[in-house]
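# Topology and contacts: notes
The primary structure of each chain is shown beneath.
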Amino acid sequence: MAYTLLATVLQQWQQAPEWQQPHHFLRILAHWSELVGAIVAEHTVPLELTAEGVLFVAVASSTWAHHLTFSRSPLRAKIQQTLGISLSDIRFSHRDWRPPRPAIARPEALPKVGNLPNVAPAATPQEAFQRWQVQVYQRSRDYPLCPRCQCPTPVKELQRWGVCGLCYARSA
């Protein structure tokens, strides 16, 4: 049996007709705001591209649907010209509209952790474990010892249970 490179197989699949429609839809999604403009893009989202070439678009309201229905011919022409994707129709409906969820957070809005050291990745799992072990030891070396097992124990555990969490769990 002859072997075929995975890259060759994937390329053949991408060129098959049944894979063209999802590929076209993803391209439309990626370029939607450029095609319709920023304001319209805020109030619309492409939902589906059928095998017959019909693009279904959810809109924020029936007013948007009505307005965009009159603009579908120029939009079809723009999609054809810009992306080379031929559509038979574009249908707008507010029935499936879901307001876009806000982004979780921009990187500049996230809390700052501080200056973390640049550490090269561990070469082996054993090295990673040893690094972790050293960090745990350094973090817990100033902890008081558990009266039962003599392990370093956070102060809050000793205040709450009088022993470390493991000893407490064993006694419960």
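Up top you'll find the structure we're talking about.
Residues numbered from 1 in each chain as written. Predicted model: local features only at pLDDT ≥ 70, side-chain atom pairs only at ≥ 80, totals over all residues. Heavy atoms only, no water.

## A look at the nonpolar core
Put simply, the rule reads: Buried Ala, Val, Leu, Ile, Met, Phe, Trp, Tyr and Cys residues that are joined via side-chain atoms within 4.5 Å together make up what is termed a nonpolar core. Burial classes: relative accessible area under 20% of the type maximum marks a residue as buried, over 50% as exposed, and values in between as partly exposed (1.4 Å probe, protein chains only). Put simply, DSSP marks the helices as runs of H or I at least four residues long and the strands as runs of E at least two long, and each gets a number from the N terminus on. Any two residues having at least one pair of non-hydrogen atoms within 4.5 Å are treated as being in contact.
Core analysis: the largest hydrophobic core is formed by 20 residues, its most contacted members being Ile-28, Leu-55 and Ile-79. Mapped by element, the contributors of at least two residues to this core are helix H2 (17-36), strand E2 (54-59), helix H4 (62-69), helix H5 (72-83) and strand E3 (89-93). Among the elements that take part in this core, H2 stands out by supplying 5 residues, more than any other. For Ile-79, the contacting residues outside a window of four places in its chain are Ile-28, Leu-35, Leu-55, Gly-84, Ile-85, Leu-87 and Ile-90.

## Here's the deal with the sheet that holds E2
Working definition: the strands of a sheet are paired by backbone hydrogen bonds and lie parallel or antiparallel to each other. Using the following cut-off: Strands are treated as partners if at least two bridges between them are detected by DSSP. In this description, a line fitted to the C-alpha atoms serves as the axis of each element, helices being fitted only across the stretch in contact, and the angle between N-to-C directions of two axes falls anywhere from 0 to 180 degrees.
Taken in spatial order, the 3 strands make up an open sheet running E1-E2-E3, and their pairing is mixed. Of all strands in the sheet, those with a lone pairing partner are strand E1 (44-49) and E3, marking the two edges. In this sheet, neighbouring strand axes are inclined to one another by 25° on average, regardless of whether the strands run parallel or antiparallel. With 5 bridges joining them, E2 and E3 adopt parallel strand pairing. The partner of Ala-58 across the bridge, within E3, is Ser-93.

## Let's talk about the pairing of E1
Here E1 runs beside E2; their pairing, made up of 5 bridges, is antiparallel. Note on E2: the bridge partner recorded for Glu-48 is Phe-56. If you look at the hairpin formed by E1 and E2, you'll find 4 residues sitting between the two strands, and Gly-53 has a positive phi there, around 90°.

## A word on H5
Since there are 3.6 residues in each turn of an α-helix, residues three or four apart along the chain are aligned in direction. Quick reminder of the rule: To estimate the expected span of a helix, count its residues, drop one, and scale the result by 1.5 Å. When we speak of the arc, we mean the arc of directions from the helix axis to the C-beta atoms.
With 12 residues, H5 extends 16 Å between its outermost C-alpha atoms, agreeing within 8% with the 16 Å of an ideal straight helix rising 1.5 Å per residue. Among all positions of H5, only Leu-75, Ile-79 and Leu-83 are buried. With its buried residues spanning 40° around the axis, H5 presents them on a single face. When the buried face of H5 is taken as reference, the exposed residues oriented beyond 90 degrees from it are Pro-74 and Gln-81. Looking one or two residues past H5, Gly-84 carries a phi angle of roughly 75°, positive in sign.

Purely geometric stuff here, so don't read any function into it on its own.
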